[in-house]
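Okay, here's what each chain looks like letter by letter:
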Amino acid sequence: MQDLRRVSLRRTAAVALLGLAVALGIAQPPAGAQPEPSGLAMPAPAPAPAPAAAEFNVRDYGAAGNGSTNDTSAINKAITAANTAGGGIVRFPAGTYESKNTIKMKSHVTLQLDTGSTISGNGADTYDPPESNPWDDYQDYGHSHFHNAMIYGDNLTDIGFTGSGVIDGDGALITGNPKSGEADKIISLTRCKNLTLSGITLREGGHFAALINDCDNVVSDRLTIDTAMDRDGWNIISTTNVRITNAHLEANDDALAFKSDYALGAKLDNGHVTVTDSYLSAGCCNALMFGSETCGDFTDYRFERITIKGSDKSGLGMVSMDGAKISDVHYKDITMTDVRSPIMQKVGTRKRCGNNPGVGSISNITYTNIKANGTTPSFSPTVWGESGSGRIKDITFNNVDITVPGGNGTMSTNPPSNDPKDYNPKAIGTRPAYGWYIRNADNVRFTDSEVRFASNDGRPAVIANNSTGVRFDRFTAQRGSSSPSDLLFQTVNGYCVANSSNTSGGALRVSQTGSSQNCDGGGPGPATRYEAENAVHSAGSTVDSDHTGYSGTGFVNTPNAVGSYVEWTVNATAAGSADLVVAYANGTTAGRPMEITVNGTAVGAAAPFAGTGAWTSWRTVTVPAVLNAGANTVRLTATTANGAPNLDYLDGPA
């Protein structure tokens with residue numbers, strides 16, 4: 001405490017009072033999402049502007065920028081100089097910078113491409129050769145090797161690619177397996193932290209325009225990728241804490257894919273990802289995809305306000321082929337046109353991952369306000385789990401409207417063929433339903449949704465097979481003139497169809513074999529929402545509304561202190577297990593762990609409540625709990641001096 005006083009005496013009196021108040025716990029430092037200082041604290045002086053980052057112009061290091069001279073050596077010299085100086089911006093003024101060799105990124109360096117500048121690939125076959133990889137049997141060749149790229153870096157911190165210029169493979173990059181000296185990707189990064197990829201355009205990327213593996217804290221805004229004549233746009237592999245906004249990605253293969261492979265010799269986690277306000281298209285393959293490489297688990301993904309135009313496989317694809325558990329993924333406000341398989345979920349048994357993976361799973365996935373209109377021959381939207389631990393569960397479709405081409409005749413309603421080692425939609429034979437085909441799935445709910453066809457179809461709109469708790473509320477389906485039924489349940493325990501109709505307003509024709517109906521408990525009814533602003537919270541907490549995106553009328557902002565809490569009373573109609581879903585925002589990079597108790601008993605370990613990237617970025621944490629019948633006290637208590645994140649709401653059982 002004496003050291004703090006000595007430092008404070010050097011400051012102005014106002015700042016000294018504030019520093020002392022913070023140190024004594026009387027007040028808290030001002031922050032965008034924290035309570036205002038109180039007591040003796042006074043407003044902090046405006047912070048001094050951060051010093052401008054040093055610039056290193058590539059022309060000062062010998063780059064010609066004339067489109068013919070090999071500028072790789074000059075670029076690498078500028079990068080090394082910036083790194084040696086402790087960090088800086090390597091600037092590319094207008095011009096074309098031919099790069100015949102691999103550019104080596106280093107920590108604390110940002111490449112800034114000014115308007116009119118292009119880094120261009122070259123077909124001289126003088127890029128770095130692929131490194132050896134003892135684990136390359138676990139994933140495709142392109143995923144297993146990283147050095148053979150236009151730009152490569154490993155184990156880097158604080159790097160960026162910004163500006164408004166272009167990095168262009170210029171037809172020189174390979175879309176298949178390259179020979180030594182050939183490159184198959186523009187940007188290749190492994191084990192990176194704090195990556196910015198914004199404003200620039202990546203064009204003609206070969207196999208990948210950008211491939212990152214085992215990175216953390218990735219920010220991208222206004223990124224353009226044009227690989228429509230090549231293959232993949234951006235593969236984000238085994239990466240956490242990603243925020244992508246205003247992307248425009250046009251690919252031939254996968255446009256934006258989240259994957260987890262074994263290329264680095266470990267099974268790594270993935271998650272805490274937000275993608276908003278973006279445009280995606282994929283020629284041959286998937287627009288927005290999980291997989292197919294799926295070793296490590298995936299959790300906490302938010303996709304909102306996305307337009308997808310064109311996809312010859314999946315528009316919204318999600319597969320677990322190699323043992324991954326995929327959970328807590330939420331799609332909202334997405335429009336798709338010309339997609340062959342609008343929504344595809346599948347658990348497979350390829351098991352192409354080290355550490356003897358088992359069968360994966362898919363759970364807690366929501367689709368809200370989804371519109372899809374397919375004009376190409378389609379694969380019916382599909383939810384296909386594996387028996388046993390690989391079943392799919394807790395899937396919610398709310399206001400999901402899909403129009404498929406249709407045009408098939410009446411056919412057998414038996415389950416179609418399936419190759420469990422193939423992730424592609426075509427690995428499952430023609431679905432016997434023109435709309436939704438559901439197999440080995442539990443607690444699947446459709447609300448305010450519909451399915452239609454463009455051409456008359458003889459199949460049922462929906463078939464659910466070997467599932468439990470499949471529920472349709474206010475569901476609309478178009479009827480084919482020769483279809484045997486509208487909804488068919490085959491060995492489904494607890495199905496329900498309520499307040500639903502065909503497109504002409506008549507009742508849906510429901511058929512079942514070996515199934516039971518249960519409209520009381522047949523599905524996971526809509527959650528009951530408990531807003532934080534209506535809950536009990538610790539002294540000093542405020543109900544704020546200065547950060548957009550919250551539910552209700554505001555959110556709770558607690559003091560920065562151990563023991564800060566918010567407490568809800570949650571009602572349950574019956575005793576038993578339930579998932580409690582807590583929405584929060586944490587605009588810092590440090591987690592704000594909280595102990596969660598139900599009726600005074602802790603529920604597992606403290607939840608980390610990791611950073612969300614911004615105070616306006618809201619995420620959820622799902623907590624399994626056991627509730628009593630009637631009222632239950634649910635309290636979240638901060639366990640560190642950072643206090644709680646901003647808390648928005650708690651969703652409890654219906």
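Cut-offs and rules
- Residues numbered from 1 in each chain as written.
- Predicted model: local features only at pLDDT ≥ 70, side-chain atom pairs only at ≥ 80, totals over all residues.
- Heavy atoms only, no water.
- Helix = DSSP H or I, 4+ residues; strand = E, 2+ residues; numbered from the N terminus.
- Rg over C-alpha atoms; globule rule 2.2 N^0.38 Å.
- Buried < 20%, exposed > 50% of the residue type's maximum accessible area, 1.4 Å probe, protein only.
- Contact = heavy atoms within 4.5 Å.
- Areas by Shrake-Rupley, 256 points an atom, 1.4 Å probe, with all protein chains shown as cover.
- Phe/Tyr/Trp six-rings, centres within 6.5 Å; stacked < 30°, edge-to-face > 60°.
- Lys NZ or Arg CZ within 6 Å of the ring centre and 35° of its normal.
- pLDDT = per-residue confidence, 0-100.
- Salt bridge = Lys/Arg side-chain N within 4 Å of Asp/Glu carboxyl O.
- Core = buried A, V, L, I, M, F, W, Y, C linked by side-chain atoms within 4.5 Å.
- Pairing = 2+ DSSP bridges.
- Disulfide = S-S within 2.5 Å.
- Expected span 1.5 Å × (residues − 1).
- Polar contact = N/O pair within 3.5 Å; in protein donor to acceptor, adjacent residues only side chain to side chain.
- 1 Å grid on protein atoms, 1.4 Å probe; cavity = no way out; pocket = protein on both sides within 12 Å on 5 of 7 lines; lining within 4 Å.
- Points joined across faces, edges and corners; volume = space filled by probe spheres on them.
- Nonpolar A, V, L, I, M, F, W, Y, C, P; charged D, E, K, R; others polar.

*Asks:* So what's going on with the overall build of the chain? Residues and values would help.
*Replies:* Within the chain one finds four helices and 47 strands. The C-alpha atoms of the chain give a radius of gyration of 27 Å, which matches the 26 Å a tight globule of 654 residues would have. Summarising its shape, the C-alpha atoms of the chain cover approximately 75 × 70 × 45 Å along the three principal directions. Here the chain, with 654 residues, has 56% of them falling under the buried criterion. Residue pairs in contact within the chain that sit at least 24 positions apart in sequence constitute 75% of those at least 6 positions apart. Accessible surface, the chain: about 24,300 Å² in total, of which carbon and sulfur atoms supply 48%.

*Asks:* Go over the packing of aromatic side chains with me, naming the residues and quoting the values.
*Replies:* Throughout the structure, instances matching the rule amount to 25 aromatic pairs. Between Arg-439 and the ring centre of Trp-384, over which it is positioned, the NZ or CZ distance is 5.3 Å. For the cation-ring pair, Arg-529 lies above Tyr-649, with the distance from its terminal atom to the ring centre recorded as 3.6 Å.

*Asks:* Kindly report on unusual backbone geometry, identifying the contributing residues and their values.
*Replies:* With the exception of glycine, the majority of residues adopt a negative phi angle, and the majority of peptide bonds are in the trans configuration. Cis geometry marks the peptide bond from Gly-291 to Ser-292, where omega comes out at 15 degrees. Positionally, Ser-292 belongs in strand S22 (residues 288-294). A positive phi angle, near 65 degrees, is found at His-108, a position not held by glycine. Judged by its relative accessible area of 34%, His-108 falls in the partly exposed class. Phi angles above zero are rare outside glycine, and Asn-241 is one such case at about 60 degrees. Tracing the chain through its elements places Asn-241 in strand S18 (residues 240-245).

*Asks:* Could you give an account of the confidence of the model for the chain, naming the residues involved and the relevant values?
*Replies:* The pLDDT averaged across the chain works out to 90; a share of 91% of its residues lies at or above 70. Considering only residues more than four positions removed or in separate chains, one finds that residues 1-43, a stretch of pLDDT under 50, has 47 contacts.

*Asks:* Account for the pattern of salt bridges, naming residues and giving values.
*Replies:* Under the definition given, this model contains 32 salt bridges. Between Arg-231 and Asp-253 there is a salt bridge, with the nearest N and O atoms lying 3.4 Å from each other. With Arg-231 in the loop between strand S16 (224-227) and strand S17 (232-237) and Asp-253 in the loop between strand S19 (248-251) and strand S20 (256-260), the pair connects residues that are 22 residues apart, well separated along the chain. Using a relative accessible area of 25% as the deciding quantity, one classes Arg-231 as partly exposed. Classification of Asp-253 by relative accessible area gives buried; the value is 11%. For the salt bridge of Glu-567 with Arg-635, the shortest nitrogen-to-oxygen distance reads 2.8 Å. Here the residue Glu-567 occupies a position in strand S41 (residues 565-572), and Arg-635 occupies one in strand S46 (residues 630-638), the gap between them amounting to 68 residues. Owing to a relative accessible area of 27%, Arg-635 belongs among the partly exposed residues under this scheme.

*Asks:* Can you break down the nonpolar core residue by residue, with the values?
*Replies:* With 105 residues, the main nonpolar core has Phe-161, Ile-167, Trp-234, Phe-258, Phe-303 and Tyr-331 as its most contacted residues. Looking at which element gives the most residues to this core, the answer is strand S24 (residues 325-347), with eight residues. Ignoring any residue separated from it by four or fewer positions in sequence, one finds Phe-303 in contact with Phe-258, Val-275, Leu-288, Phe-290, Val-329, His-330, Tyr-331, Lys-332 and Ile-334. Formed by 28 residues, the second largest nonpolar core is a distinct cluster that contains Ala-578, Ile-596, Phe-609 and Ala-610.

*Asks:* Got a sec to walk through the sheet that holds S41? Specific residues and values, please.
*Replies:* Reading across from one edge, S38-S41-S46-S43-S44 is the order of the five strands in this open sheet, with antiparallel pairing throughout. This sheet does not close on itself; its edge strands, each paired only once, are strand S38 (536-537) and strand S44 (601-602). As judged from the two bridges shared by S38 and S41, these two strands associate in the antiparallel manner. Along S41, the bridge assignment pairs His-537 with Val-566.

*Asks:* Before we move on, could you go through the state of the cysteines and cite the residues and values that matter?
*Replies:* Working definition: the covalent bond between the sulfur atoms of two cysteines is a disulfide. Scanning the entire structure with this criterion turns up four disulfides. One disulfide bridge connects Cys-192 with Cys-215, the sulfur atoms lying 2.1 Å from each other. Measuring the twist about the S-S bond at about 120 degrees, one finds the Cys-192-Cys-215 disulfide to be right-handed. Highlighted residues: Cys-192 in the loop between strand S11 (185-190) and strand S12 (193-197) and Cys-215 in the loop between strand S14 (208-213) and strand S15 (216-221), separated in sequence by 23 residues. Of the residues examined, Cys-192 reaches a relative accessible area of 3% and is grouped as buried.

*Asks:* How would you summarise helix H3 (residues 72-84) if you had to cite specific residues and measurements?
*Replies:* In a regular helix each residue adds 1.5 Å, so 13 residues correspond to 18 Å; H3 covers 18 Å between its end C-alpha atoms and thus fits that length. Tucked inside the fold, the buried residues of H3 contact strand S1 (55-57), strand S2 (66-70), strand S3 (88-92), strand S4 (95-98), strand S5 (103-104) and strand S6 (109-113). Within two residues after H3, Gly-86 carries a phi angle of roughly 95 degrees, on the positive side.

*Asks:* Pulling in residues and values, what's your account of the environment of Gly-458?
*Replies:* In this structure, Gly-458 sits in the loop between strand S30 (450-455) and strand S31 (462-473). With relative accessibility at 2%, the residue Gly-458 sits in the buried group. When the C-alpha positions of Gly-458 and Gly-480 are compared, they lie 5.3 Å apart, and in sequence the two are 22 residues distant. What Gly-458 contacts, discounting residues up to four positions off in sequence, is Asn-408, Gly-409, Thr-410, Ser-482, Ser-483 and Pro-484.

*Asks:* Please provide a residue-by-residue account of the side chain of Ser-260, values included.
*Replies:* Position of Ser-260 relative to the elements: it lies in strand S20. Judged by its relative accessible area of 0%, Ser-260 is buried. A polar atom in the side chain of Ser-260 sits 3.2 Å from the backbone oxygen of Leu-268. Every residue in contact with Ser-260, bar those within four places of it in the chain, is listed here: Ile-237, Ser-238, Leu-268, Asn-270, Glu-293, Thr-294, Cys-295, Gly-296 and Phe-298.

*Asks:* Residues and numbers for the layout of surface pockets, please.
*Replies:* Here the second largest pocket is characterised by a volume of approximately 320 Å³. Lining the second largest pocket are 18 residues, and of these Asn-217, Asn-241, Thr-588, Thr-589 and Gly-611 sit closest to its centre. The element that contributes the greatest number of residues to the lining of the second largest pocket is S15, accounting for four residues. A class-by-class count of the residues in the lining of the second largest pocket yields four nonpolar, 10 polar and four charged.

*Asks:* Tell me about the pairing of strand S47 (residues 646-652), and name the residues and values.
*Replies:* Within S47, seven of the seven residues are buried, which leaves the element mostly enclosed by the surrounding structure. Of the strand pairs in this sheet, strand S37 (residues 528-531) and S47 are connected by four bridges, and their pairing is antiparallel. Paired with Arg-529 across the two strands is Asp-651, which belongs to S47.

*Asks:* Help me get a handle on the environment of Phe-489, residues and values and all.
*Replies:* You can see Phe-489 is positioned in strand S33 (residues 487-498). Taking the C-alpha atoms as reference points, Phe-489 and Arg-459, 30 residues apart in sequence, are found 14 Å from one another. Excluding its chain neighbours within four sequence positions, the residues that come into contact with Phe-489 are Ala-464, Val-470, Phe-472, Tyr-495, Val-497, Val-510, Ser-511, Gln-512, Thr-513 and Ser-515.

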